[in-house]
Amino acid sequence: MMQVYADNAATTKLSETALKAMMPYLTDTYGNASSLYRIGQEAHHGVQAARAAVASALGADTNEIYFTSGGSEADNWAIKGVAELMAKKGKKHIITSAFEHHAVLHTVKKLEEQGFRITYLPVYENGIVKAEDVKNAICDDTALVTIMYANNEIGTIQPVSEIGAVCREKGVLFHTDAVQAVGHVAINVKAQNIDLMSMSAHKFHGPKGIGALYCKKGIRLPNLIEGGAQERGRRAGTEAVYAMAGMAAALTEATDALTQNTAKLTALRNRLIDGLLQIESSRLNGDRNSRLPGNVNISFEGVEGESLLLYLDMKGVSASSGSACTSGSLDPSHVLLAIGLPHEVAHGSLRLSLCESNTREEIDYIISCVPEIIERLRSMSPLWEKIQKERGNL
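First, a word on scope: everything that follows refers to the structure included in this document. (Residues numbered from 1 in each chain as written. Predicted model: local features only at pLDDT ≥ 70, side-chain atom pairs only at ≥ 80, totals over all residues. Heavy atoms only, no water.)

**Notes on the overall build of the protein**
No. 1: Helix and strand counts for the protein stand at 13 helices and 12 strands.
No. 2: Seen along its three principal axes, the alpha-carbon backbone of the protein occupies a region of about 75 × 55 × 35 Å.
No. 3: Among the 394 residues that make up the protein, the fraction classed as buried is 56%.
No. 4: Counting only contacts in the protein whose residues sit at least 6 apart along the sequence, the fraction spanning at least 24 positions is 72%. (Helix = DSSP H or I, 4+ residues; strand = E, 2+ residues; numbered from the N terminus. Buried < 20%, exposed > 50% of the residue type's maximum accessible area, 1.4 Å probe, protein only. Contact = heavy atoms within 4.5 Å.)

**Description of the pattern of salt bridges**
No. 1: Evaluated as defined, the whole model comprises 16 salt bridges.
No. 2: Ionic pairing is found between Glu 64 and Lys 190, a salt bridge with its closest N-O pair at 2.9 Å. With Glu 64 in the loop between α2 (38-58) and β2 (65-68) and Lys 190 in the loop between β6 (173-177) and β7 (196-200), this pair connects stretches of sequence that are 126 residues apart.
No. 3: Glu 64 sits in the buried class, given a relative accessible area of 1%.
No. 4: Given the relative accessible area of 37%, Lys 190 is considered partly exposed.
No. 5: Between Lys 315 and Glu 372 there is a salt bridge, and its shortest N-O distance comes to 2.9 Å. (Salt bridge = Lys/Arg side-chain N within 4 Å of Asp/Glu carboxyl O.)

**So, the packing of aromatic side chains**
No. 1: Considering all chains together, one arrives at one aromatic pair under this definition.
No. 2: Measuring from ring centre to ring centre gives 5.7 Å for Tyr 66 and Trp 77, while their planes differ by 75°; the resulting arrangement is edge-to-face. Taken together, the residues span a long stretch of sequence, with Tyr 66 in strand β2 and Trp 77 in helix α3 (residues 71-87) at a distance of 11 residues. In this pair, the class of Tyr 66 matches that of Trp 77, namely buried. (Phe/Tyr/Trp six-rings, centres within 6.5 Å; stacked < 30°, edge-to-face > 60°.)

**Here's the deal with the packing of α2 against helix α7 (residues 241-256)**
No. 1: At a closest axis distance of 9 Å, the pairing of α2 and α7 adopts a crossing angle of 30°. With respect to α7, the axis of α2 lies roughly parallel. Judged by the twist between their axes, the crossing of α2 over α7 is left-handed. Contacts from Ala 43, Gly 46, Val 47, Ala 50, Ala 53, Val 54, Ala 57 and Leu 58 of α2 reach α7 at Val 241, Met 244, Ala 245, Ala 248, Leu 251, Thr 252 and Thr 255. (Axes fitted to C-alpha atoms, helices over the stretch in contact; angles between N-to-C directions. Parallel < 35°, antiparallel > 145°, perpendicular 65-115°, else oblique. Left-handed = near helix turned anticlockwise from the far one by under 90°.)

**With respect to the packing of helix α9 (residues 305-314) against helix α12 (residues 360-379)**
No. 1: Remark: α9 packs on α12, axes separated minimally by 10 Å, with the N-to-C direction vectors making an angle of 130°. Taken together, the axis directions place α9 and α12 in an arrangement best described as oblique. Along this stretch, α9 crosses α12, giving a crossing that reads as right-handed. Judged by residue contacts, Ser 307, Leu 308, Tyr 311 and Leu 312 of α9 engage Cys 369, Val 370, Ile 373, Ile 374, Arg 376 and Leu 377 from α12.
No. 2: Here the residues of the contact of α9 with α12 are counted per class, giving eight nonpolar, one polar and one charged. (Nonpolar A, V, L, I, M, F, W, Y, C, P; charged D, E, K, R; others polar.)

Next comes the structure, spelled out in structure tokens:
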């Protein structure tokens, strides 16, 4: 039985390049980066080199990168920090979209409880937020616009440059949760008018537990953690130098190979989409072209996503039905509901997310497995029987 890992949107395998970059800081250069003696200063140089490499990959300045524990922390810091800053100026309105990651949605919900006014922009059937809607929603007391770069479930890439230009024109700060995009699409924060951007290393073959926030020079966010001078005094705590080095190495490797990886993944993605759409009553969720190179999200009527995942696992295929952060929930995906899918269809979704190590043989194996699983599940499904009767097929 073939083993296929197709859940790279949840997490990726650590690359050999990242591991190699990490090892010296776990063995020989293990000093505290805040210490003055040689082994500490060597670690300090490792932090600075990692920061510079991350900045270079994103078109940022070195001192605009702040390391965090991951994307959720970066989202929280950016949104809560800007909210605190702008509330002092009487601006307590935040614009976001209905299908953000819960790290954003739960954060703005918390701010709403504290008196902020939140506008949730609609997401259209193709899974795209319109820059025009952002422009129309901005008003005099708007403190922040936070729209994700690419959706974590359906992979749709948002018009970030257009949204950034609208925000710049209106004088409003723009944050984007780019956890799924960094390392997978070309990003230049300055050219795209991005003021704050969140990222996480384990989404592009770096280690878990490390991420970063890009914060444009001149935006003085409140300190996240008090207690030390790390991250220029804004996020105290002894630096995990090995993790920073691994993140930087993985991101550099990903951006250097971006063109060839995109070409390979797009071809594999399209082959997989075409194969699975041969199944009766299936539909692709999100725009066919404006999506991450490795993302496939398809719904099958008359099946439960959880059952589909269990059968796929028995076939050796690791996949998901949505965000790994909500995998324990029995509720249908808020992302799929936001693009207009009925509850019963949203329940039968399958997310397959590929990386450059996936092969054509693996894609064909998935295409061969899914139809027989769908047929088996539908044969036991009262919902599918009802659908067939309504269509006059029974």
